[in-house]
Amino acid sequence: MLAAYFLLYVAPLPFRPLFMPDETRYAEIPREMVATGDWIVPRLNGLRFFEKPVFGYWLTALSILCLGENRFAIRLPSALATGLSAMLLVFIFRRSGHASSALLGAAVFLTSLQVYTLGVFNLLDAVFSLFVTASLVCFYFAYQACGGRARLEWLAASGVACGLGFLTKGFLAFVIPVVTIVPFLLW
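Quick caveat, the model's predicted, so the values are computed rather than measured.

Cut-offs applied
Residues numbered from 1 in each chain as written. Predicted model: local features only at pLDDT ≥ 70, side-chain atom pairs only at ≥ 80, totals over all residues. Heavy atoms only, no water. Phe/Tyr/Trp six-rings, centres within 6.5 Å; stacked < 30°, edge-to-face > 60°. Lys NZ or Arg CZ within 6 Å of the ring centre and 35° of its normal. Buried < 20%, exposed > 50% of the residue type's maximum accessible area, 1.4 Å probe, protein only. Helix = DSSP H or I, 4+ residues; strand = E, 2+ residues; numbered from the N terminus. Arc of directions from axis to C-beta. Contact = heavy atoms within 4.5 Å. Patch = residues over 30% accessible without salt bridge, like charges linked within 9 Å, V, L, I, M, F, W, Y side chains within 5 Å. Areas by Shrake-Rupley, 256 points an atom, 1.4 Å probe, with all protein chains shown as cover. Salt bridge = Lys/Arg side-chain N within 4 Å of Asp/Glu carboxyl O.

> Got a minute to help me understand the packing of aromatic side chains in this structure?
Two descriptors summarise a pair of aromatic rings, namely the distance from one centre to the other and the angle between the planes of the rings. Overall, the coordinates contain 14 aromatic pairs when judged by the stated rule. Among the aromatic residues, those joined into a ring-pair cluster are Tyr5, Phe6, Tyr9 and Tyr116. Residue placement shows Arg25 over the ring face of Tyr26; its charged tip is 5.5 Å from the ring centre.

> Would you mind showing me how to read helix α5 (residues 102-110) here?
Of all the positions in α5, only Ala102, Gly105, Ala106, Phe109 and Leu110 are classed as buried. Taken end-on, α5 shows its buried residues confined to a sector of 130°, consistent with a single buried face. On its buried side, α5 packs onto α1 (2-10), α4 (71-95) and α6 (113-119).

> Quick question: what am I supposed to make of unusual backbone geometry here?
Most peptide bonds take the trans form, and the phi angle of most residues other than glycine is negative. Geometrically, the link from Met20 to Pro21 is a cis peptide bond, its omega value of -10° lying close to zero. With respect to the element layout, Pro21 can be found in the loop between α1 and α2 (22-36). Of note, the phi angle at Asn45 is positive, near 55°, even though the residue is not glycine. Among the structural elements, Asn45 can be located in the loop between β1 (43-44) and β2 (47-48).

> I would appreciate a short explanation of α1 in the present structure.
Side chains that are three or four residues apart share a direction in an α-helix, a result of its 3.6 residues per turn. Those residues of α1 lying buried are Tyr5, Tyr9 and Val10. Taken down its axis, α1 places every buried residue within 70° of arc, on the same side. In α1, the exposed positions angled more than 90 degrees off the buried face are occupied by Ala3 and Leu7. Elements that come into contact with the buried residues of α1 comprise α4, α5 and α6.

> In this structure, what is going on with a nonpolar patch on the surface? I would like to understand it.
Side chains of Phe166, Leu167, Phe171 and Phe174 sit close together on the surface and give an oily, nonpolar patch of about 370 Å² of accessible area. Within the secondary structure, Phe166 sits in helix α8 (residues 148-169). Among the residues examined, Phe166 registers a relative accessible area of 35% and is labelled partly exposed.

Here it is in structure tokens:
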């Protein structure tokens, strides 16, 4: 399974040209962060660019710092986020008593066209999806926790994931978990 993930998601990252305009925009902003040393104010071609929060740009900038200015480094955060999302699915399958279906569920997720597309492009959606998924998985683990301390720790982890999602894509990081969790709790 891991080898298939690397072949599908990681290996093809450097070979395709950047997709205009989104991939180039989400590559240039972190490149300028690294070049200028200003990690607080995102800039696109020297102009302040506050369309999205900065966390997704920071991840790409860190990848550029570690791997250089290339297509592989620019796309790697999305591919890693998609792989981590699949791991979270495996964890929740196993925790909910469906261990035999865990790898199949992850395989279905990883081979879905939209998931694949977002996982190999330099967009903020895969990272955002990771944080929303982590928030919901942590909430589910809190719901199932036996002790009060464990429940609080899982709820805190869910909150941290929501916060990171907010820093990646904005208010939607709170909306999606709320519209999922509230009906579940009412049920």
